[in-house]
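Understanding the architecture of this molecule
One-letter residues, chain by chain:
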Amino acid sequence: MGVKKALTGNYAVSYAVKLARPDVIAAYPITPQTSIVEKLSEMIENGELDSVMIRVESEHSALAACFGAAVAGARVFTATSSQGLLYMHEVVHWASRARIPMVMAIVSRTINTPWNIWPDHSDFMDQRDAGWIMSYAMDNQEALDLVLQAFKISEDPSVYLPAMVGLEGFILGHTTMPVDIPDESMVREWLGPRRQGYIIDGSTPLAVGGLTMPEDTENIFCGIQEAMNEAKKVIKEVTNEYNKLFGRKYSGLIECFHCSDAKYITISMGAWSGDLMEAVEKLRNEGYPIGLIRIRYYRPFPMEDIWEVIRSSKGVLVYDRSISFGSYGPIFTDLAGGLLTYTRNPPYVSNIVAGIAGVNVTTEDFYKLTKEFIDEVEKNGQPPGFKWVRIRR
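Residues numbered from 1 in each chain as written. Predicted model: local features only at pLDDT ≥ 70, side-chain atom pairs only at ≥ 80, totals over all residues. Heavy atoms only, no water.

Here we come to the side chain of S322. When you line up the elements, S322 lands in the loop between strand 13 (315–320) and helix 11 (330–339). Residue S322 is classed as buried on the basis of its relative accessible area, which comes to 2%. With residues near it in sequence (within four places) discarded, S322 still touches H121, S122, M125, G329, P330, V353 and I356. (Helix = DSSP H or I, 4+ residues; strand = E, 2+ residues; numbered from the N terminus. Buried < 20%, exposed > 50% of the residue type's maximum accessible area, 1.4 Å probe, protein only. Contact = heavy atoms within 4.5 Å.)

Attention now moves to the state of the cysteines. Considering all chains together, one arrives at 0 disulfides under this definition. C256 provides the cysteine sulfur closest to C259, a residue in no disulfide bond, and the two sulfurs are 3.7 Å apart. (Disulfide = S-S within 2.5 Å.)

Let us now look at helix 10 (residues 303–310). The periodicity of an α-helix, 3.6 residues per turn, causes residues three or four positions apart to be oriented the same way. With 6 of 8 residues buried, helix 10 lies mostly within the body of the structure. Inspection of helix 10 places M303, D305, I306, W307, V309 and I310 among the buried residues, and these make up the whole buried set. Buried residues along helix 10 sit against helix 8 (214–246), strand 9 (254–257), strand 10 (264–268), strand 11 (290–295), strand 13 and helix 11.

Counting residues in each nonpolar core, the largest one holds 55 residues, and the members touching the most others are V13, L40, F77, I133 and L144. Here this core takes 9 residues from helix 8, the largest share from any one element. (Core = buried A, V, L, I, M, F, W, Y, C linked by side-chain atoms within 4.5 Å.)

A surface patch of nonpolar side chains, about 450 Å² in accessible area, is lined by F325, Y328, F386 and W388. You can see F386 is positioned in strand 15 (residues 386–388). Taking the relative accessible area as the measure of exposure, F386 reaches 31% and is therefore partly exposed. (Patch = residues over 30% accessible without salt bridge, like charges linked within 9 Å, V, L, I, M, F, W, Y side chains within 5 Å. Areas by Shrake-Rupley, 256 points an atom, 1.4 Å probe, with all protein chains shown as cover. Salt bridge = Lys/Arg side-chain N within 4 Å of Asp/Glu carboxyl O.)

This brings us to the sheet that holds strand 2 (residues 24–27). Pairing in this open sheet of 7 strands is mixed, and the strands run 3-2-4-5-7-6-12 from one edge to the other. The strands lining the two open edges of the sheet, one partner per strand, are strand 3 (52–55) and strand 12 (297–299). Sheet twist, expressed as the average angle between the axes of neighbouring strands with direction ignored, equals 20 degrees. For strand 2 and strand 3, the ladder comprises 4 bridges, and the chain directions are parallel. Its bridge partner lying in strand 3, V24 is registered against V52. (Pairing = 2+ DSSP bridges. Axes fitted to C-alpha atoms, helices over the stretch in contact; angles between N-to-C directions.)

This part is about unusual backbone geometry. P32 follows T31 through a cis peptide bond whose omega is 5 degrees. Assignment of secondary structure puts P32 in the loop between strand 2 and helix 2 (34–45). Not every positive phi belongs to a glycine, and R21 is a case in point at roughly 55 degrees. Residue placement: R21 occurs in the loop between helix 1 (9–20) and strand 2. Unusually for a residue other than glycine, R99 sits at a positive phi of about 60 degrees.

Tracing the chain through its elements places I133 in strand 6 (residues 133–136). Distance from I133 to Y297, taken between C-alpha atoms, is 7.7 Å for residues 164 residues apart in sequence. Discounting residues that sit within four places of it in the chain, I133 has contacts with V159, L161, P162, A163, M164, M228, A231, I235, Y297, R299 and P300.

Paired through backbone hydrogen bonds, the strands of a sheet run either parallel or antiparallel to each other. Read from one edge of the open sheet, 6 strands run 9-11-10-13-14-15, paired in mixed fashion. Edge positions in the open sheet fall to strand 9 and strand 15, since each of these has one partner strand only. Here the strands of the sheet are splayed against their neighbours by 20 degrees on average, with no regard to which way each runs. Relative to strand 11, strand 10 runs parallel, the two sharing 5 bridges. Residue I265 lies in a different strand from strand 11, and its bridge partner there is G291. Sheet strands touched by helix 11: strand 10, strand 11, strand 13 and strand 14 (348–353). Its angle to strand 13, the strand with the most contacts, is close to 145 degrees. Lying on the sheet, helix 12 (residues 363–380) is in contact with strand 10, strand 11, strand 13, strand 14 and strand 15; it crosses strand 13 at an angle near 150 degrees.

Our next topic: the packing of helix 9 (residues 273–285) against helix 12. Where helix 9 meets helix 12, the axes come as close as 8 Å, and the angle between the chain directions of the two elements is 55 degrees. Of the possible angle classes, the one that applies to helix 9 and helix 12 is oblique. For the element pair helix 9 and helix 12, the recorded crossing hand is right-handed. Contacts from D275, L276, E278, A279, K282 and L283 of helix 9 reach helix 12 at T363, E364, F366, Y367, T370 and K371. Looking at the contact of helix 9 with helix 12, its residues break down into 5 nonpolar, 2 polar and 5 charged. (Parallel < 35°, antiparallel > 145°, perpendicular 65-115°, else oblique. Left-handed = near helix turned anticlockwise from the far one by under 90°. Nonpolar A, V, L, I, M, F, W, Y, C, P; charged D, E, K, R; others polar.)

That is the geometry; function is a separate question.
Now the structure itself:
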């Protein structure tokens, strides 16, 4: 029943890909992603993994190679970060518009310029309108598990969309943790053979990416939206299957921590959620009725699940690790927009943007900021709507 290893987040992704046995891996190095594809290349050279490694000249070419191989029926994988993901952006849209299942790991790093190798969520969030299933890990174990589940979800006939799995560079990518690696034969049986809606193999005339009339194009885009809605159900089904088979305890699109009796809710995504959990625990020990929603899947956005938790709350504090310049944090924007479809009297909702460009946000920082939010609501009834907190040591 599998083995336990001490793995970096990047290597945890590599082992997940090995278990999924893709036919094709396309790679171009970029910090802090590079060790994922280096490890996979090593596995191929050692005979541990029977895949074709395509070493391309750019990130754009890496995703284009994956797209071409996937259209021909291959299970594929690639990984990138920051500027590399931006360079891929054209093909990111091609993959989703063509409804081609594939999996890509995003080891998050601040977008340049100025030059910066530290993590925030800006590269990952920049893809939020591209039509990909988007999940984000809190630790290395979840990184491995989300990658495996991404293959299953992406290849589900009611979804047939590409999927990306995010993890913070260095914070998870280069930090070692114990990781339980499932049994390969069990994973193989669970994943089954690759499925996709169509294959270009020369047997039947088929065109992809040609000119379509406006109404036909709109129908294709509507199909992506419908698949996203279906994906919510599929994600929960796949998560439950995975939990039973491999002994995990994941929830579906979100994870709740001390939410059942909470009057105040914090919302976050990614590795810093662990620090926020510690702050929430400390606040509860002091009598504050606070809980945490951690977003595991950002697309499709889990508005229904979040609403069920916050509908009776007094205040909601959203922590974003990226900013939509001229607006707010992306998670806050999605939540605020979604609330208008559920109620005319939503709870007080505030947005804190922090941790940009790799600035460290500690448990004590979360404790102070969350306490200030609750105290402000209790005292004045209305907290600040938006605050960019620039932490300096």
